[in-house]
Amino acid sequence: MTTQMRKNKGIVIELTALLDVIFIMLFWVMINVQESNTRVREEADSRVSQVQEEAAAQLESLREQTDSELKAAQEKLDRIDKNALANQQALDDFGEGLTLTLNLRYEAGKELTITNGSKVLGTADVSSENEVYTALVAALGKAGIEREDVVLCAFVYDGGSALYRDVSTVTEAVGRVGKSYGNFYCTYINTAR
C-alpha cells in the first residue's frame, strides 16, 4: 500500500504544476485577448469616426446642392412672375390702344411715323436702316420703355404702294431693335391684302 500512495502524491504534484502552467497560460491569453479587444475597439471607433465624417461631408454637399437648386428654382419663379407681369402689362396697353405702331407712308416723300396710341414719338426717313433703327430706339426711350420691358409693335404699310426696299429697310431695323430689346415683338400688317 505504501507504493500506491507515493504514486498518488507524485501525480498530485505533477497536476499542481501543470495547473499552474495552465493558469499562467490562461492569464496570458486573457491579457492578449484584452489587448486585442482594445485594438479592435480603437479600430472600430476610428472607422466609425471616419464614416461619420464622410457622411457629414456628403450631407453638407447634398445640402449645398439642394440650396443651390432651390435658389435657382426661386430665381426662375421670380423671372416667370416678372415676365408674366410684363406680358400682362403689354396686353393691357394693347387693349387700351397703346401699341407701338410704325406707319410707312408716301404722302410727302417716304416717311416712317412711330406712334404709341395717338401720341407721335418720332419719324424717320426710310432711306437708311441705321436711321430707322436710331429713330426707333429714340422713340422707345421717349415712351419710357426699358430694354427688359415687353413691347408689342405693329409695322403697317400699304403693299400696293410701298417699295420692297423700304419695307426691307424697316424690317431690318426692327430686327436690330429686337436684338437690343429682348422682349420686342413686332407684327407686319400689309393693308393691301
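As a reminder, the structure under discussion sits directly above these lines.
As the structure is a computational prediction, the values presented were derived from the model and not from experiment. (Residues numbered from 1 in each chain as written. Predicted model: local features only at pLDDT ≥ 70, side-chain atom pairs only at ≥ 80, totals over all residues. Heavy atoms only, no water.)

Considering the pairing of strand β4 (residues 151-157)
Across the seven residues that make up β4, a large majority, six, are buried. Here seven bridges tie β4 to strand β5 (residues 184-190), and the two strands are oriented parallel to one another. The residue bridging valine 156 from the neighbouring strand is isoleucine 189, located in β5. Handedness of the crossover joining β4 and β5 through helix α3 (residues 164-180) is recorded here as right-handed. (Buried < 20%, exposed > 50% of the residue type's maximum accessible area, 1.4 Å probe, protein only. Helix = DSSP H or I, 4+ residues; strand = E, 2+ residues; numbered from the N terminus. Pairing = 2+ DSSP bridges. Right-handed = clockwise from strand over helix to strand, strands pointing away.)

Remarks on the side chain of threonine 101
When you line up the elements, threonine 101 lands in strand β1 (residues 100-105). Residue classification places threonine 101 among the buried positions, given a relative accessible area of 17%.

A closer look at the environment of cysteine 153
The residue cysteine 153 is located in strand β4 in this model. Counting along the chain gives 21 residues from cysteine 153 to valine 174, while the straight-line C-alpha distance between them is 9.4 Å.

Quick look at the packing of helix α2 (residues 129-142) against α3
Here α2 crosses α3 at 45°, and the two axes come no closer than 8 Å. Classified by the interaxial angle, the pair formed by α2 and α3 is oblique. With respect to the hand of their crossing, α2 and α3 are arranged in right-handed fashion. Residues Glu129, Asn130, Val132, Tyr133, Leu136, Val137 and Leu140 of α2 lie in contact with α3, whose contacting residues are Thr169, Val170, Glu172, Ala173, Val174, Arg176, Val177 and Ser180. (Axes fitted to C-alpha atoms, helices over the stretch in contact; angles between N-to-C directions. Parallel < 35°, antiparallel > 145°, perpendicular 65-115°, else oblique. Left-handed = near helix turned anticlockwise from the far one by under 90°. Contact = heavy atoms within 4.5 Å.)

Points about the nonpolar core
Core analysis: the largest hydrophobic core is formed by 27 residues, its most contacted members being Leu102 and Phe184. Counting only elements with at least two residues in this core, the list comes to β1, β2 (111-116), β3 (119-125), α2, β4 and α3. It is α2 that contributes the most residues to this core, six residues altogether. (Core = buried A, V, L, I, M, F, W, Y, C linked by side-chain atoms within 4.5 Å.)

Side note on the sheet that holds β1
The five strands are arranged β3-β2-β1-β4-β5 in an open sheet whose pairing can be described as mixed. Two strands in the sheet have a free side with no partner beyond their single neighbour: β3 and β5. Looking at each pair of strands side by side, their axes are set apart by 20° on average, direction ignored. Contacting β1, β2, β3, β4 and β5, α2 runs over the sheet at an angle of about 165° to β3. On top of the sheet, α3 reaches β1, β2, β4 and β5; it is set at about 165° to β5, its chief contact.

Overview of α3
Spanning 17 residues, α3 covers 25 Å between terminal C-alpha atoms, matching the ideal 24 Å at 1.5 Å per step. Those residues of α3 lying buried are Asp166, Val167, Thr169, Val170, Ala173, Val174 and Val177. Relative to the axis of α3, the buried residues are bounded by an arc of 160° and lie together on one face. Projecting away from the buried face of α3 at angles above 90 degrees are the exposed residues Tyr164, Arg165 and Lys179. Packed against the buried residues of α3 are β1, β2, α2, β4 and β5. (Expected span 1.5 Å × (residues − 1). Arc of directions from axis to C-beta.)

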